[in-house]
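Residues per chain, in single letters:
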Amino acid sequence: MGEYTLNELGSIFAMQGFAGISLFSVLLLMALGLAIIFGQMGVINMAHGEFMAVGAYVTYFLSSMTETYLPGFMPYYFLFAIVAAFFVAAIIGYFAEYALIRHLYKRPLDTLLATWGLSLIMQQCFRSIFGAREVSPTLPEWLLGSYQPTENIHIPLNGMFVLALTFFVTAGVFYLLFKSRWGLRVRATTQNRQMSGAVGINTKKVDRYTFALGCGIAGIAGAAFTTIASTGPTTGSLYIVDTFMVVVFGGAASLFGTIASAFSIAQAQSILEFFISGSMAKVYTLLVLVLILMFKPEGLFASKVRR
Amino acid sequence: MLSHAQSICSFKLKSLKAGILALAATASISAFAADTAKVNTTGLAITDDTVTVGILHSLTGTMAISETGAQEAEKLAIKQINESGGILGRQIKIIQEDGASDWPTFAEKSRKLLVKDKVAAVFGCWTSASRKAALPVFEKENGLLYYPTFYEGLEQSKNVIYTGQEATQQILAGLDWVAKEKKAKTFYLIGSDYIWPRTSMKIARKHIENVLGGKVVGEEYKPLGNTQFGSVINKIRLKKPDVIYAAVVGGSNVAWFKQLKAAGITSKKQTLLTISVTEDEVLGIGGENLEGFYSIMKYFQSLDNPNNKAFVKAFKEMWGEDSVIGDVTQAAYLGPWLWKAAVEKAGSFDIDKVVEASRTGDIELTTAPEGYVKLHPNHHLWSKARVGQWNKDGQATVVFESELIEPNPFPKGYQ
């Protein structure tokens, strides 16, 4: 390493550190919505990736609308797009729960199949509406480029944005679940459905809103990822594997578990990637994951839930 | 003639019930159409005034993104051939099948097109995986496939005509150019993890090390669909290569270029040459993320020649003003024209005779949008390689053009 100055090595170390944290925030944001649905309701939502794609397409749609009709609004539209992505995805999720999921609560394997079917339907809808080609929204200037604290350090602005957003959303979810009346009902329903019903909680309504919330957060994740990658009809299926990996590894019913799992997977992946090739890094990460799950099948944080 | 067509339709229906009728009907058709009997001795779907061909691309699934342009170009070529009088006096009819981005489906649909529809030629496939799946069917049923994608080489089937470039045609000229123009000595290779990038990088490495006397300072493959390049970009920064040589495909491509830009690696500081970005990909990536980087291809939409201007105009008239034309789309456009030339030279639609005519080395197109091309007896095209530098508007400026390069699907010393 003689050919590098200490300064250069330090810069790369700093940037590599950020790469790991950035991957962590991406994984966490993806997994959060799924963790709520899977953890609180026990529904395996195979269409999670497609709800992310809904968010991404909403962003794309708003971007092209703004560009055509309100070019002066371009620097700000993205924030509105995130909010819109949340609501559109949540509303679709609300109706999906009403029409499909609620009939299958007692049959977890059937929800898997049904939501997978839903994902195929949604993919074909995207293809019919937006076309088969991948699209990218035009991003506002403030999301492009990098922040340079010193000459050699480049911290990508979009990475910082996703990080901040993830923090914000995670804090919001924690507040909702652990500090609000509504969260109390959700947790009560998770712990004992019959008893919650007996004390007057409308468990069906709780289910519907929980599902909608999970889908809405997926929508936010989708909107945020337009800053990183492009969107196509099958984009969602790319994310679903990583998302499930994070949730299962973390322990299905634990939000802390999801955070811990996203963090360890992200760090392992990005550090290994730096020293060996990308494909092998993934192989080793998954191998370790499988080993840990063999000895701790319930994931990092075991849930103490009576069902 | 209408009643004739009707008789065929009813013949098809009946043949479902009784195979014997089929023989009788075929005999009666050939009895009053001696001309057809002469140009079609193997029972292909050819009448006195039509010839049926197949188009087999993915209209649904992941690959629909890439394959849409190819099938549009094939339809345009067939329409133009029909307008100019067809082939041997026959209008071309199309049967289109959807490969659905699923390789076994490509094999199944190929069999359907060849066995049931008896098509005289098929224009289709995009990925190497789909071609490899369909290949045994074409060889067994003796069909003829025109394959449009630039690919890794190492293949030469009697039943396939390859209208895209094989690896050496695309790769070597580009590396020579970058070594000479940019005085490049060190290279960082990065690609998606499947057969085409890996084979291409193997050829590139041999050429860099053995011919150019340069050094490969890193070689990296990322899983298909990967969207995180942070660690790789840091590695590249550490190695400081003169050139990044990239073959990242699909959605990953967008993430790769966006993150390069976000990490401050732009064309001002870094030379990047890619073999996997055409105008189609730029749509998704965004010209601003690519500005100043180079692609090596045989065709760019911006090529300044009369053939190409007419082609671009016709393409936009048929498929919309916003459509863009990438390398593979143009190569797909050549398929029907090459087939026409071969059939006319053979004076027959019979597969064996068309292949024989294709192998003479006399089949050439002077009207190809990419310029003059000639079919080599090894089933690949002589073509030029071009280096294009991307502009913000998603079009490339051609900065280098090679001589016509001989196709060499089995390059010695590169395997």
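Residues numbered from 1 in each chain as written. Chains lettered and ligands numbered in written order. Predicted model: local features only at pLDDT ≥ 70, side-chain atom pairs only at ≥ 80, totals over all residues.

(A) Broad picture of the overall build of chain A. Regarding its fold elements, chain A presents 11 helices and 2 strands. Sequence-ordered secondary structure for chain A, helices as α and strands as β, is α-α-α-α-β-β-α-α-α-α-α-α-α. Taking 2.2 N^0.38 as the reference for a compact globule, 307 residues should give roughly 19 Å; the C-alpha atoms of chain A span a radius of gyration of 20 Å, in line with that estimate. A principal-axis box enclosing the C-alpha atoms of chain A has dimensions of 70 × 55 × 35 Å. Within the span of chain A, comprising 307 residues, buried residues form 49% of the whole. (Helix = DSSP H or I, 4+ residues; strand = E, 2+ residues; numbered from the N terminus. Rg over C-alpha atoms; globule rule 2.2 N^0.38 Å. Buried ≥ 20, exposed ≤ 12 C-beta atoms within 10 Å, placed from the backbone.)

(B) Here's a closer look at the environment of B:T199. Residues and elements named next belong to chain B. Considering the arrangement of structural elements, one finds T199 in helix α8 (residues 195–211). Classification of T199 by C-beta neighbours within 10 Å gives buried; the count is 21. In this structure the C-alpha to C-alpha distance between T199 and G153, which are 46 residues apart in sequence, comes to 8.5 Å. Apart from the residues lying within four places of it in its own chain, the contact partners of T199 are E152, L154 and A167. (Contact = placed C-beta atoms within 7 Å.)

(C) Expanded view of the confidence of the model for chain A. Across chain A, pLDDT averages 88, with 96% of residues at or above 70. Per-element confidence in chain A is highest for helix α3 (residues 74–99) of chain A, whose mean pLDDT is 94, and lowest for strand β1 (residues 146–147) of chain A, whose mean pLDDT is 84. (pLDDT = per-residue confidence, 0-100.)

(D) Expanded view of unusual backbone geometry. Residue and element names in this part refer to chain B. Even without being glycine, K118 reaches a positive phi, approximately 55°. Secondary-structure assignment places K118 in the loop between α5 (103–116) and β3 (122–124). You can call K118 partly exposed: it has 18 C-beta atoms within 10 Å. Positive phi values are uncommon outside glycine, yet L154 reaches one of about 60°. Within the element layout of this structure, L154 appears in the loop between β4 (145–147) and β5 (160–162).

(E) Spatial organisation of the domain arrangement of chain B. Residue and element names in this part refer to chain B. We note that the domain assignment places domain 1 (33–165 + 317–382) and domain 2 (167–297 + 385–401) within chain B. Put simply, the middle of domain 1 and the middle of domain 2, counted by C-alpha atoms, are 30 Å apart. Taken together, the contact between domain 1 and domain 2 spans 14 residues of the former and 13 residues of the latter. Those elements that place two or more of their residues in the side of domain 1 that touches domain 2 are α4 (64–83) and α14 (327–346). Grouping the constituent residues of the side of domain 1 that touches domain 2 by class yields 6 nonpolar, 6 polar and 2 charged. (Domains from an automatic or database assignment. Nonpolar A, V, L, I, M, F, W, Y, C, P; charged D, E, K, R; others polar.)

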